[in-house]
Amino acid sequence: MFSETERSKMQGALVARAAADDRVVGAALVGSVARGTQDAWADIDLALQLDHGIDEAQLVDEWTRTIYDAYGAADTHDVWAAGARYRVFLLRSSLQIDVSFWPLEAFRATEPSFRVRFRTPNTPTDPVSADVSATIGMGWLYASTRAPRSHAARCGRRRRCSIACAARSSR
């Protein structure tokens, strides 16, 4: 299990990495951290705005290697929503890191909790409903037993999650 201090350090390091990467021109924290409602089980949700002409797949691969090497990822899953790729990392420590990669023109708040770290986002929009593929993907993510300590197990110990997890899938 990860500690809140470890999570905070990882979050700070990921934001610093984003700020140091010339291909990333904006970043925001979202989810429970941005709402100020995180608890001991909260994950890290980071939205990144990519500059024009960036090879998104290459950037995602580089971030993936970094997170695997630095934090011990056990598995990943991609969810596409609102014009962005959300790469979900399940760490061996049971921490989940969600990094979304947004095209320059699409970077915007899709929920009230959107705390900009750098850059000015585009005009906010209302969230869109999840499609069937996204729903199936989220089912895999939250019921996965491939990770040593699955998100589903954490939700059970936490005694809440279903509504929050379902709402997050519609980003």
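### Description of the overall build of the protein
Scanning the protein from terminus to terminus reveals six helices and six strands. Along the protein, helices and strands appear, N-terminal first, in the series α-β-α-β-α-β-β-β-β-α-α-α. Burial status across the protein gives 49% buried among its 171 residues. By sequence separation, contacts in the protein at least 24 residues apart represent 63% of the contacts at least 6 residues apart. Carbon and sulfur atoms provide 52% of the accessible area of the protein, an area that totals close to 8,300 Å².

### Quick look at empty space enclosed by the protein
Taken as a whole, this structure holds two cavities of 30 Å³ or more when the rule is applied. Empty space within the second largest cavity amounts to approximately 60 Å³. In terms of lining residues, the second largest cavity is bounded by ten residues, among which Val-30, Ala-47, Tyr-86, Trp-102 and Thr-110 are the most central. When the residues that make up the lining of the second largest cavity are grouped by side-chain class, the tally is five nonpolar, two polar and three charged.

### Remarks on the confidence of the model for the protein
Taken over all residues, the pLDDT of the protein has a mean of 82, while the share at 70 or more is 76%. Here helix H6 (residues 162–168) is the element of the protein with the lowest mean pLDDT, 42, and helix H3 (residues 56–71) is the one with the highest, 97. Across residues 162–171 the pLDDT falls below 50, and counting only partners more than four positions away or on other chains, this stretch makes 21 contacts in the model.

### Quick notes on the packing of helix H1 (residues 4–20) against H3
Two elements in contact, H1 and H3, have axes separated by 13 Å at closest approach and are oriented at 150°. Accordingly, the angle class assigned to the pair H1 and H3 is roughly antiparallel. With respect to the hand of their crossing, H1 and H3 are arranged in right-handed fashion. Residues Met-10, Ala-13, Leu-14, Arg-17 and Ala-18 of H1 form the contact with H3, whose participating residues are Glu-62, Trp-63, Thr-66, Ile-67 and Tyr-71.

### Remarks on the sheet that holds strand S3 (residues 73–81)
Read across the sheet, six strands follow the order S3-S4-S5-S2-S1-S6 without closing on themselves; strand pairing throughout is mixed. Both edges of this open sheet fall to S3 and strand S6 (114–118), since each of them pairs with a single strand only. When the angles between neighbouring strand axes are averaged without regard to direction, this sheet yields 25°. This element, H1, spans strand S1 (24–30), strand S2 (44–50), strand S4 (84–91), strand S5 (96–103) and S6 of the sheet and lies at about 0° to S2. Of the strands in this sheet, S1, S2, S3, S4 and S5 are in contact with H3, which crosses S4 at around 15°.

Reading guide: rules and limits
- Residues numbered from 1 in each chain as written.
- Predicted model: local features only at pLDDT ≥ 70, side-chain atom pairs only at ≥ 80, totals over all residues.
- Heavy atoms only, no water.
- Helix = DSSP H or I, 4+ residues; strand = E, 2+ residues; numbered from the N terminus.
- Buried < 20%, exposed > 50% of the residue type's maximum accessible area, 1.4 Å probe, protein only.
- Contact = heavy atoms within 4.5 Å.
- Areas by Shrake-Rupley, 256 points an atom, 1.4 Å probe, with all protein chains shown as cover.
- 1 Å grid on protein atoms, 1.4 Å probe; cavity = no way out; pocket = protein on both sides within 12 Å on 5 of 7 lines; lining within 4 Å.
- Points joined across faces, edges and corners; volume = space filled by probe spheres on them.
- Nonpolar A, V, L, I, M, F, W, Y, C, P; charged D, E, K, R; others polar.
- pLDDT = per-residue confidence, 0-100.
- Axes fitted to C-alpha atoms, helices over the stretch in contact; angles between N-to-C directions.
- Parallel < 35°, antiparallel > 145°, perpendicular 65-115°, else oblique.
- Left-handed = near helix turned anticlockwise from the far one by under 90°.
- Pairing = 2+ DSSP bridges.

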